[in-house]
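# Geometric and topological summary
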Amino acid sequence: MLIVMTHDATETQIDAVEAAVLAMGLRAEPIPGSLRTAIGVLGNQGYVDDTSIRELPGVREVIHVSKPYKLVSRDFHPEPTVVDVAGVLIGEGHRPVMMAGPCSIESEEQIHLAAAQVKKAGAHILRGGAFKPRTGPHSFQGLGVDGLKLLRQAADAVGLPVVTEVMRIDQLDAVCQCADMLQIGARNMQNFDLLKEVGKLDMPVLLKRGMSATIEEFLSAAEYLLAEGNGRVVLCERGIRTFEKTTRNTLDLSIVPLIHEMSHLPIIVDPSHATGKRSLVPVMSKAALVAGANGVMVEVHPDPAKALCDGAQSLTGDDFAAFMVELDRLVEFLEQ
Ligand code: PEP
Ligand code: MN
């Protein structure tokens, strides 16, 4: 439920409404706006009888929000959220952020080379998985804690922040020590226990869309993070599963403008996992930026033919450098 106050409502009237909400056993979250204040009501399990609230002085209207997500919605938070990842700002009004790096950390040499390549080409954040959610148990599972340390060293050597995936609650301490941003992967988007624990941290989170998740389920997963207090959330569209098998997944670009309508959270696009094909990554990255994405995440490997994971969708360092030149031109054009 959202209580909208009149534009001239006084502090005392706002306090009285909050007190009335608390007296009903619910939580009140004031949402100051440039034109008026609204008060979000949280904690109700179903419909709330609003008669006692509606009649209070200063109340203009009461809107019943029946969506399963509230804190992530534009209704509750009209201003766009900007997420700060070690000084890199992601969100409206800021240059689209480029996250790049290999699918997995494979060796000291590989991650240092990849870090140097993406930094030189102008990436803002280094990506790389140490804990890998692989479809089959016989595939490379990542270097674990050793990989995290190598990732941190490589990032520090070139001066980039790091985003890396955490799959389980018991990995959180180790990942938080090495990462500037936690990634929750597509396969864990609805790992509600993990979401709750990450929601208690003061760490930026990259929440990837589950491959079969509807937009409502995606936003509801983000709601878990905000409900625990962590509002530093960036969404990531990474393709969904459809009947089409020629691409790895189907990139659902319409989610980008839709998320901007429905939510205040930034959204980036990962065309590498969405398409599974190196040749499609540059053009779909551009399409993502045209659609309004706040950034792009792409896989880059110094030698994709030898990659232990996702080589077919990885750009080489040279590919990435050429792609960044094109992307910069597009960003300048879009900013005009
Ligand atoms: C990844 O980014 O490393 C990854 C595994 O992606 P997703 O969770 O989107 O499959
Ligand atoms: Mn990958």
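Residues numbered from 1 in each chain as written. Chains lettered and ligands numbered in written order. Predicted model: local features only at pLDDT ≥ 70, side-chain atom pairs only at ≥ 80, totals over all residues. Heavy atoms only, no water.

A few words now on the coordination of the manganese ion (ligand 2). Protein coordination of the manganese ion (ligand 2) is provided by C103 (SG), H273 (NE2), E299 (OE) and D310 (OD), with donor distances spanning 2.0 to 2.4 Å. What makes H273 buried here is its relative accessible area of 8%. (Donors = N, O, S within 2.8 Å, 3.2 Å for Na, K, Ca; no water. Buried < 20%, exposed > 50% of the residue type's maximum accessible area, 1.4 Å probe, protein only.)

Quick look at the site of ligand 1 now. Every residue near ligand 1 is listed here: R127, K132, E165, Q183, G185, A186, R187, K208, R238 and H273. Taking K208, its side chain carries an N or O atom lying 2.7 Å from an oxygen atom of ligand 1. Here R238 contributes a side-chain N or O atom positioned 2.6 Å from an oxygen atom of ligand 1. Classifying every residue of the shell around ligand 1 gives 1 nonpolar, 3 polar and 6 charged. (Near = heavy atom within 4 Å. Polar contact = N/O pair within 3.5 Å; in protein donor to acceptor, adjacent residues only side chain to side chain. Nonpolar A, V, L, I, M, F, W, Y, C, P; charged D, E, K, R; others polar.)

Moving on to the state of the cysteines. Enumeration according to the criterion identifies 0 disulfides in this entry. The cysteine C178 is free of any disulfide, with C176 supplying the nearest cysteine sulfur at 9.7 Å. Residue classification places C178 among the buried positions, given a relative accessible area of 12%. Just so you know, C236 is unpaired, no disulfide at all, and the nearest cysteine sulfur is the one on C103, 13 Å from it. (Disulfide = S-S within 2.5 Å.)

One finds L207, L225, L235 and F320 to be the most contacted residues of the largest nonpolar core, which totals 74 residues. Considering each element in turn, this core owes the most residues, 7 residues, to helix α7 (residues 215-227). (Core = buried A, V, L, I, M, F, W, Y, C linked by side-chain atoms within 4.5 Å. Helix = DSSP H or I, 4+ residues; strand = E, 2+ residues; numbered from the N terminus.)

All told, the structure shown has 2 aromatic pairs when counted by the stated rule. With centroids separated by 5.8 Å and ring planes inclined at 45 degrees, the aromatic side chains of F320 and F323 adopt a geometry described as tilted. Of this pair, F320 and F323 both sit in helix α11 (residues 317-335), separated by 3 residues, roughly a single helical turn. Across the pair, F323 and F320 agree in class, each one buried. (Phe/Tyr/Trp six-rings, centres within 6.5 Å; stacked < 30°, edge-to-face > 60°.)

What follows is about the side chain of N230. Structurally, N230 is set in the loop between α7 and β12 (233-237). Of the polar contacts made by the side chain of N230, one reaches the backbone oxygen of V198; its length is 3.3 Å. From its side chain, N230 meets the backbone nitrogen of R232 in a polar contact 2.9 Å long. Setting aside residues no more than four positions away along its own chain, N230 makes contact with V198, G199, L201, M203, V205 and L225. (Contact = heavy atoms within 4.5 Å.)

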